[in-house]
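This is what each chain is made of:
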Amino acid sequence: MDLLECRAKIDEIDKKLVDLFAERMEVAKGVAEYKMANNLPVLDRTREREKIQSIIEYSPDNVKEYTPTLYQMIFELSRSYQHKLLQTGSEITEKIKDAIENTPKLFPERSAIACQGIAGANSQIAVEIFFINVYIIYFITFEAVFQAIEKGLCKYGVIPVENSVAGSVNKVYDLMLKHNFYIAKSIRLKIDHNLLAVPGTKIENIKEIYSHEQAISQCSNFLSTLKDVKVIPCENTAIAAKRVAESGRSDVAALASESCVQYYGLQNLAASVQNVDNNYTRFICISKDLEIYPGANKTSIMMVLPHEPGALYKVLSRFFALDVNLIKLESRPLPSHEFEFMFYFDLEKQVYAPELLQLLADLPGSCVRFEYLGSYSEVI
């Protein structure tokens, strides 16, 4: 056959495939009705394993390795269709609908906020973008911020999660597994690192520079131009600035924000010394209760998937099937679980979209653990 004949034949086969697929889904509707009447779960892993094995046995050799992938996708779509018909997995969707209805229409301007660091930290700058009038409670660690939210000490907390240059803040992603919270909003804050020292310091006399490890990595090009300088990581850029101010020494400096000049009486020896000018850190505002404000078009979830081939592929195929855009995928190893991972997903879809609600209803049945972290908008 020539190319046109091959394509015509494929078109003929595809029509048969679509007709058969529609017929199969109609039978799946009957399966869903039976399961509902008999209080049975949609997912039957034993049946799916047996079905895959039988398909492999009678598949022709030339397509034997491809057939299981095809049928795993069919199973995913069949289960999604059954969930939709039965309206199962509605605990999450009902929680979302309730939050949309009961959340105020405007994001609050005033509140008590928890953040890591001290005055002058980038987290403080982020807080003041989220809110107008705030009472900030500073904590030494990110975990203390999560704990302050869980215990009700502060209504909101502000945490950095990723930087456009240095990547994700792994400590924060690890803590997400341990603590209960929801994301109410996020922002992208432009980061400028400056070399700060006590007044009268000359850049050629500096012997030590303090800063947070991410700021150090983001300013590596500038630091490489300084000779015989020891770079010392510390908990926070603002803490570094405060340490330099309190030392009174004229041979030390800090990489920190411009706001630390006013807070700690320092001098800016070199402005914007980061490797790239397009340097942004994403901060999230977290709360104990689920709040969904108008315009929410991003959703974050965490999943622990079965330790088996194709587990992540099945989840990703569900996003594709329901036209939900995946904008971030992060994996972190599970403590005390060898070769097992937690997967963090950021999805882009209006929270009101039925496809997103269907996806969130379906996913818990596909994983070992599922956490819905909130739906929100992002300020850029």
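Summarising burial for strand 11 (residues 280-287): seven of the eight residues are buried, a large majority. Judged from the seven bridges that link them, strand 3 (residues 156-163) and strand 11 form a sheet pairing that is antiparallel. Bridging from a neighbouring strand, Val158 pairs with Cys285 of strand 11. Where strand 5 (residues 182-190) lies against strand 11, eight bridges are found, and the strand directions are antiparallel. Each residue of the ladder has a partner; that of Ile187, found in strand 11, is Phe283.

Axis separation between helix 1 (residues 3-37) and helix 3 (residues 67-86) bottoms out at 9 Å; the angle between their running directions is 50°. With respect to helix 3, the element helix 1 is oriented oblique. In this structure, helix 1 crosses over helix 3, and the sense of that crossing is right-handed. Seen from helix 1, the contacting residues are Phe21, Arg24, Met25, Ala28, Lys29, Val31, Ala32, Lys35 and Met36; seen from helix 3, they are Ile74, Phe75, Leu77, Ser78, Tyr81, Gln82, Leu85 and Leu86. Grouping the constituent residues of the contact of helix 1 with helix 3 by class yields 12 nonpolar, two polar and three charged.

Within the largest apolar cluster, 28 residues are counted, with the highest numbers of intra-cluster contacts made by Phe146, Ile159, Val172, Met176, Ile183, Ile286 and Tyr344. Elements that contribute at least two residues to this core include exactly helix 6 (142-150), strand 3, helix 7 (170-176), strand 11, strand 12 (298-304), strand 14 (341-348) and strand 15 (369-376). Sort the elements by how many residues they give to this core and helix 6 lands first, with six residues. If sequence neighbours within four positions are ignored, Met176 has contacts with Phe146, Val161, Phe181, Ile284, Met302, Tyr344 and Leu373. Counting 27 residues, the second largest nonpolar core, distinct from the first, contains Ile92, Ile292, Leu356 and Cys367.

What counts, and where the lines are drawn
- Residues numbered from 1 in each chain as written.
- Predicted model: local features only at pLDDT ≥ 70, side-chain atom pairs only at ≥ 80, totals over all residues.
- Heavy atoms only, no water.
- Buried < 20%, exposed > 50% of the residue type's maximum accessible area, 1.4 Å probe, protein only.
- Helix = DSSP H or I, 4+ residues; strand = E, 2+ residues; numbered from the N terminus.
- Pairing = 2+ DSSP bridges.
- Axes fitted to C-alpha atoms, helices over the stretch in contact; angles between N-to-C directions.
- Parallel < 35°, antiparallel > 145°, perpendicular 65-115°, else oblique.
- Left-handed = near helix turned anticlockwise from the far one by under 90°.
- Contact = heavy atoms within 4.5 Å.
- Nonpolar A, V, L, I, M, F, W, Y, C, P; charged D, E, K, R; others polar.
- Core = buried A, V, L, I, M, F, W, Y, C linked by side-chain atoms within 4.5 Å.

Don't take any of this as a statement about function, it's just geometry.
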